Amino acid sequence: MVLVARHDSKGGANDGTVVDFRGNPVDKKKTGGWLAAGLILGTELSERICVMGISMNLVTYLVGDLHISSAKSATIVTNFMGTLNLLGLLGGFLADAKLGRYSAVGIFGMITAVGVILLTAATSIPSMRPPPCDSYRHQQHQCIEVNGRQLAMLYAALYTIALGGGGIKSNVSGFGSDQFDNSDPKEEKAMIFFFNRFYFAISFGSLFAVTVLVYIQDNVGRGWGYGFSAAAMIIAVAVLLCGTPRYRYRKPQGSPLTVIWRVILLAWKKRGHPHPSHPSLLNEYQSAKAPHTQKFKCLDKAAILDEYAVTTEEKNDPWIVSTVTQVEEVKLVLKLIPIWSTCILFWTVYSQMTTFTIEQATFMNRKIGSFVIPSGSFSVFLIITILLFTSLNEKFFVPLAQKLTHKEQGITSLQRIGIGLVLSSAAMVAAAVIEKQRRATAVQQSSKISAFWLVPQFFLVGAGEAFAYVGQLEFFIREAPERMKSMSTGLFLSTISMGFFVSSLLVSIVDKVTRKRWLRSNLNKGKLDRFYWLLAMLGLLNFLVFLAFAMRHQYKVQQHISTNENGEKELKTFNDGTVDKMEEKTITKAMEGP
């Protein structure tokens, strides 16, 4: 399946959608590549320092300083993280519809900086906290919980950070991948490793956050730790702006949600129309930018020309008839939904690493000699494992898979996700076994086991995240239509969001059903191990559903530029999975043109 493609003299695809900062066709020698991508990733690195420095140690502040119960504190943390990732959909929508990814990253970066400055003030001002427990214990035998007025500023800061962080996350990876031309074999190969190196780089930010920042927060002051995060975000935005001439910009092409809604509405209105005898009779079939497929055939009716659409203007009215390109874009989005639904539970498991696992550490022996390790710093094992397996993916697993499968990609995105789901379930089994032993030792022997027994669950979740995060990010970006790349990244982030919200829901349900017997502020009196077993069983069921969806998924058709024997540029079309015979014939017909 080959089509001769036009390229401009400077080496960029001549489709008019990718330009330099002056709006001219890109010069590939002066724009894009790893340097531009590196400048962009600095913003995500700083966002990760901010968010990880907050989420991994926030529960200890809520329980220890604000005197909120463990279950309620866990819910506050997971709701914050859930909202942050859910707002990625808003950030992606605004970028695709109007702002563009560059402007979106810059604007949301500044919003994040404002939020962290507010958080610095909220945790530094003494009147924003209740009195220490020791001041009232001799009179009332209990701690005074934080009141609503004191929480107001904290919530304002957290959700300002959530707005900014969500906007950055949904656009920075898409903007980074825009710096590579996926129709050029060399740049396509670089982009395959971009997602892996992207996550490796930001994991260093996480490592810094859970070691240096958490230590500063616990031993020097929360204000100092959060103040450093605010400064890092301001510097990152400045670096992003300095790289303006180096970037490649993809023009926003209107609201993708409008396209989706319009195609579905027209397909419903024309549901009584018979399907045309051949897809070539559909509107703009020959000039479609995406090959026609047989999936979700009912949506094809949106591209059926109405009898009363006789003028050229009427035929071009998107509210009268859609194009094959628009219909195929909506099909691609709908094909993401089944995989999206089965990715949620991974992040429900992951959320335990920021809540109950940190609480476990506070009830365990955290001493190395005379030095006491902060509870939040034990998540360093999670980050180290992520870094280790991200490196192994690029240096070992992918090359090995390439040799075994004889495919450039090696491990597919869905295979990465599947491995991550299996490891997350195994992590909950390990967590349940270790928690049962910890509680038994504390109750029966009145002693504490070493907090280093938490390493196995951190290790398994970290290894799972190295596979699942990269796999999901690659899947949602590569499988989405080009014009919807930021929104698709937001869709990926919404799986993380839903995972945290599902965690909050599960905690509330379990707390109510067990009448607060499983999840208690004093873990020695609770049954946290049973909650972990529940998550392990849910994870196993979720993996089986994922397998069913993954086996039926057909990868998006990819296109690459190559040079034939005559020195002409050719556009070769293929996909990373398989297509059925009917679909292959349709794709071939679409690529032949008029």
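Here we summarise the structure given alongside this text.

### Structural notes on the nonpolar core
Core analysis: the largest hydrophobic core is formed by 127 residues, its most contacted members being L382 and F531. Considering each element in turn, this core owes the most residues, 14 residues, to helix 1 (residues 33-64). Counting residues in hydrophobic clusters, the runner-up holds 17 residues, among them V263, Y285, A302 and V327.

### Some words on the pattern of salt bridges
Pairing between side chains becomes possible if they bear opposite charge and their charged atoms approach one another. Enumeration according to the criterion identifies 10 salt bridges in this entry. Note that K169 and E44 form a salt bridge whose closest N and O atoms lie 3.8 Å from each other. Remark: E44 occurs in helix 1 and K169 occurs in helix 5 (residues 148-177); sequence separation between them is 125 residues. The salt bridge involving E435 is made with R438; its shortest N-O contact spans 2.9 Å. Of this pair, E435 and R438 both sit in helix 13 (residues 413-444), 3 residues apart, roughly one helical turn. An identical accessibility class is assigned to E435 and R438; each is buried. Because the salt bridges share partners, they merge into one network encompassing E44, E47 and K169.

### Things to note about helix 16 (residues 528-552)
Taking 1.5 Å of rise per residue, 25 residues should cover 36 Å, and helix 16 covers 37 Å from first to last C-alpha, within 8% of that figure. Here helix 16 has its buried residues at L528, D529, F531, Y532, L535, A536, G539, N542, F543, F546 and A550.

### Points about the packing of helix 10 (residues 324-351) against helix 13
Running from N to C, helix 10 and helix 13 point in directions that differ by 35°, and their axes come no closer than 9 Å. In terms of crossing hand, the pair formed by helix 10 and helix 13 is left-handed. Of helix 13, the residues touching helix 10 (which contributes I339, T342, C343, F346 and V349) are L414, I417, G420, L421, S424 and M428. When its residues are assigned to classes, the contact of helix 10 with helix 13 shows 8 nonpolar, 3 polar and no charged.

### Quick look at the environment of G499
By the element assignment, G499 lies in helix 15 (residues 485-513). Assessed through its relative accessible area of 0%, G499 is described here as buried. Sequence separation of G499 and Y350 is 149 residues, and the distance between their C-alpha atoms is 8.2 Å. The residues touching G499, leaving out its near neighbours within four places in the chain, are I344, W347 and T348.

### With respect to the side chain of K301
Residue placement: K301 occurs in the loop between helix 8 (256-269) and helix 9 (312-315). It turns out K301 is buried and unbridged, and the closest side chain with the opposite charge, D300, is 9.9 Å from it. Here the side chain of K301 touches H273 through a polar contact of 2.9 Å, landing on its backbone oxygen. Filtering out sequence-adjacent residues up to four positions away, K301 remains in contact with A267, K270, R271, H273 and H275.

### Things to note about unusual backbone geometry
Here H67, not a glycine, exhibits a phi torsion of approximately 60°, which is positive. Relative to the elements of secondary structure, H67 occurs in the loop between helix 1 and helix 2 (70-99). The class for H67 is buried, based on a relative accessible area of 11%.

### Things to note about the packing of helix 1 against helix 7 (residues 222-242)
Angle between the axes and distance between the axes are the two parameters that describe a pair of packed helices. Put simply, helix 1 and helix 7 touch, their axes get as near as 8 Å, and they point 165° apart. The orientation of helix 1 with respect to helix 7, classified from their angle, is roughly antiparallel. Where helix 1 crosses over helix 7, the handedness of that crossing is left-handed.

### Overview of the packing of aromatic side chains
Taken as a whole and judged by the stated rule, the model has 24 aromatic pairs. Centroid distance F475 to F476: 5.4 Å. Interplanar angle 90°. Geometry classified as edge-to-face. Taken together, the ring pairs connect F346, W347, Y350, Y469, F475, F476, F492 and F500 into an aromatic cluster. Above the ring of W268, the side-chain terminus of R271 is found at 3.9 Å from the ring centroid.

About the thresholds
- Residues numbered from 1 in each chain as written.
- Predicted model: local features only at pLDDT ≥ 70, side-chain atom pairs only at ≥ 80, totals over all residues.
- Heavy atoms only, no water.
- Core = buried A, V, L, I, M, F, W, Y, C linked by side-chain atoms within 4.5 Å.
- Buried < 20%, exposed > 50% of the residue type's maximum accessible area, 1.4 Å probe, protein only.
- Helix = DSSP H or I, 4+ residues; strand = E, 2+ residues; numbered from the N terminus.
- Salt bridge = Lys/Arg side-chain N within 4 Å of Asp/Glu carboxyl O.
- Expected span 1.5 Å × (residues − 1).
- Axes fitted to C-alpha atoms, helices over the stretch in contact; angles between N-to-C directions.
- Left-handed = near helix turned anticlockwise from the far one by under 90°.
- Contact = heavy atoms within 4.5 Å.
- Nonpolar A, V, L, I, M, F, W, Y, C, P; charged D, E, K, R; others polar.
- Lys, Arg positive; Asp, Glu negative; His and termini not counted.
- Polar contact = N/O pair within 3.5 Å; in protein donor to acceptor, adjacent residues only side chain to side chain.
- Parallel < 35°, antiparallel > 145°, perpendicular 65-115°, else oblique.
- Phe/Tyr/Trp six-rings, centres within 6.5 Å; stacked < 30°, edge-to-face > 60°.
- Lys NZ or Arg CZ within 6 Å of the ring centre and 35° of its normal.

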